[in-house]
Amino acid sequence: GGSPIVYGNTIQGKYGPYGIFIEVSGGSPQIHNLLYGGGVGISVDTAADATISNNIVANFSMGMSGGVGNYTFENNLLIYNTNGLNLGNSNSAPLVQDNTIVFSQVGISSSAPNTNITNNNIENCSQNSIHWGSLSNLNAPNNWWGTTDASSISQSIYDYKNNYNLGNVTFTPFLNAPNSQAPLLSSFSVPNQLPISSPSPTSTPSQTPISNSTSPLPTPTSVSTNPTATPTQTTQSTSTATP
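Residues numbered from 1 in each chain as written. Predicted model: local features only at pLDDT ≥ 70, side-chain atom pairs only at ≥ 80, totals over all residues. Heavy atoms only, no water.

1. Some words on the pairing of strand 14 (residues 128-132)
Our working rule: Think of it in three bands: residues with accessible area under 20% of the maximum for their type are buried, residues over 50% are exposed, and the middle band is partly exposed, with areas taken using a 1.4 Å probe on protein chains only. Numbered from the N terminus, helices here are DSSP runs of H or I no shorter than four residues, and strands are runs of E no shorter than two. When DSSP finds two or more bridges between a pair of strands, those strands are recorded as paired.
With four of five residues buried, strand 14 lies mostly within the body of the structure. Two strands pair when backbone bridges link them, and strand 11 (residues 106-110) and strand 14 are joined in this way by four bridges, in the parallel orientation. Paired with Ser 110 across the two strands is Trp 132, which belongs to strand 14. Note: strand 14 against strand 16 (residues 157-158), two bridges, orientation parallel. Following the sheet pairing, Ile 130 is matched in strand 16 by Ile 157.

2. Details of unusual backbone geometry
A cis amide bond links Thr 172 with the next residue in sequence, Pro 173, at an omega value of -5°. You will see that Asn 75, though not glycine, has its phi angle at about 55°, which is positive. Along the chain, Asn 75 turns up in the loop between strand 6 (69-74) and strand 7 (77-79). For Asn 142, which is not glycine, the phi dihedral falls at a positive 65°. As for its position among the elements, Asn 142 is in the loop between strand 15 (138-139) and helix 1 (150-155).

3. What about the environment of Thr 147?
Rule in force here: In this description, contact between two residues means that some pair of their heavy atoms is separated by no more than 4.5 Å. Each polar contact in these results corresponds to two N or O atoms within 3.5 Å; when the atoms are within protein, one needs to be able to donate a hydrogen and the other to accept it, and residues that are neighboring in sequence are counted only if both atoms are side-chain atoms.
Its place among the elements puts Thr 147 in the loop between strand 15 and helix 1. When the C-alpha atoms of Thr 147 and Pro 178 are compared, they prove to be 9.5 Å apart, with 31 residues separating the residues in sequence. Residues within four places of Thr 147 in sequence aside, it is in contact with Ser 152 and Ile 153. There is a polar contact of 3.0 Å between the side chain of Thr 147 and the backbone nitrogen of Asp 149.

4. A closer look at the packing of aromatic side chains
As a reminder of what qualifies: Between 30 and 60 degrees the pair is tilted, below 30 it is stacked and above 60 it is edge-to-face, where a pair is any two Phe, Tyr or Trp rings, Trp via its six-membered ring, whose centres lie within 6.5 Å.
Scanning the entire structure with this criterion turns up five aromatic pairs. A centroid spacing of 4.8 Å and a plane angle of 80° characterise the contact between Phe 21 and Phe 60, whose relative ring orientation is edge-to-face. With Phe 21 in strand 2 (residues 20-25) and Phe 60 in strand 5 (residues 56-66), the pair connects residues that are 39 residues apart, well separated along the chain. Look at Phe 60 and you get buried, because its relative accessible area is 0%.

5. Here's the deal with the confidence of the model for the protein chain
Cut-off, in case you're wondering: Residue-level confidence of the predictor is what pLDDT reports, using numbers from 0 through 100.
Taken over all residues, the pLDDT of the protein chain has a mean of 79, while the share at 70 or more is 74%. Every residue in residues 193-232 scores below 50 in pLDDT, and together they form 84 contacts with partners more than four places removed in sequence or on other chains. This model gives residues 234-243 a pLDDT under 50, and the stretch forms 25 contacts once residues within four places in sequence are excluded.

6. With respect to the pairing of strand 11
Burial of strand 11 is extensive: five of the five residues sit out of reach of the surface. As judged from the three bridges shared by strand 8 (residues 83-86) and strand 11, these two strands associate in the parallel manner. Within strand 11, the position partnered with Asn 83 by the bridge is Val 106.

7. Structural notes on the nonpolar core
A general tendency of soluble globular proteins is for nonpolar side chains to be buried together. The line we're drawing: Buried Ala, Val, Leu, Ile, Met, Phe, Trp, Tyr and Cys residues form a nonpolar core when they are joined through side-chain atoms within 4.5 Å.
Ranked by internal contacts, the top residues of the largest apolar core, which has 33 residues, are Ile 42 and Ile 108. For this core, the leading source of residues is strand 3 (residues 30-45), giving four residues. Non-local contacts of Ile 42, meaning those with residues more than four positions away in its chain, are made with Ile 22, Ile 31, Leu 35, Ile 52, Asn 55, Val 57, Gly 63, Met 64 and Ser 65. If you look at the next biggest cluster of nonpolar residues, it comprises ten residues, including Leu 34, Ala 58, Leu 77 and Val 102.

Listed below in structure tokens is the structure:
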């Protein structure tokens, strides 16, 4: 019921379906850490005003999850997770911005109609970049999807075109380059790391080198992977395809 601050910790386990590394019920937590290898990285339930930012969460069954409440997920790096971010259902109003979510089976799953997903880098997800689970429509503009091909982006999103009982996810306008305000893959460094296990039976893309540094939690920088590229919105008005 208070306002706990969980900051600057490195918590390391073994990849698998069990174990929640940080779990908060109630209050207004602020959570900023490096978490590696487990069932659920960060779980926040029934919190009024939670801020989950500047975390690196890698190699989990579920990187982060939120229950009922108004959450802000920002500037997090979610990498090599089965499900990067699970946003709960109808009573939630999560804000998801300036995150990098990569090399997961599912980038973001949500059934909350008031979800706000913007200015994220969501790419290299083997199943879906977004798995939508509500009858309502979802607007997810101004994200980078790893491509500027509207058809490819649409096919990476699970919504009405896959299940007539769901709403549409609108992803236009979208960025034509990665958002430089979101964390970089170079932020990913695990002290004394365990071997990385694939979060799925399918093969995962080659991994970036991981240092054995025991330095404090690395802080994501705002330098773009393509320093000369400035994310801009496309002018095309293509929306998701419907049957």
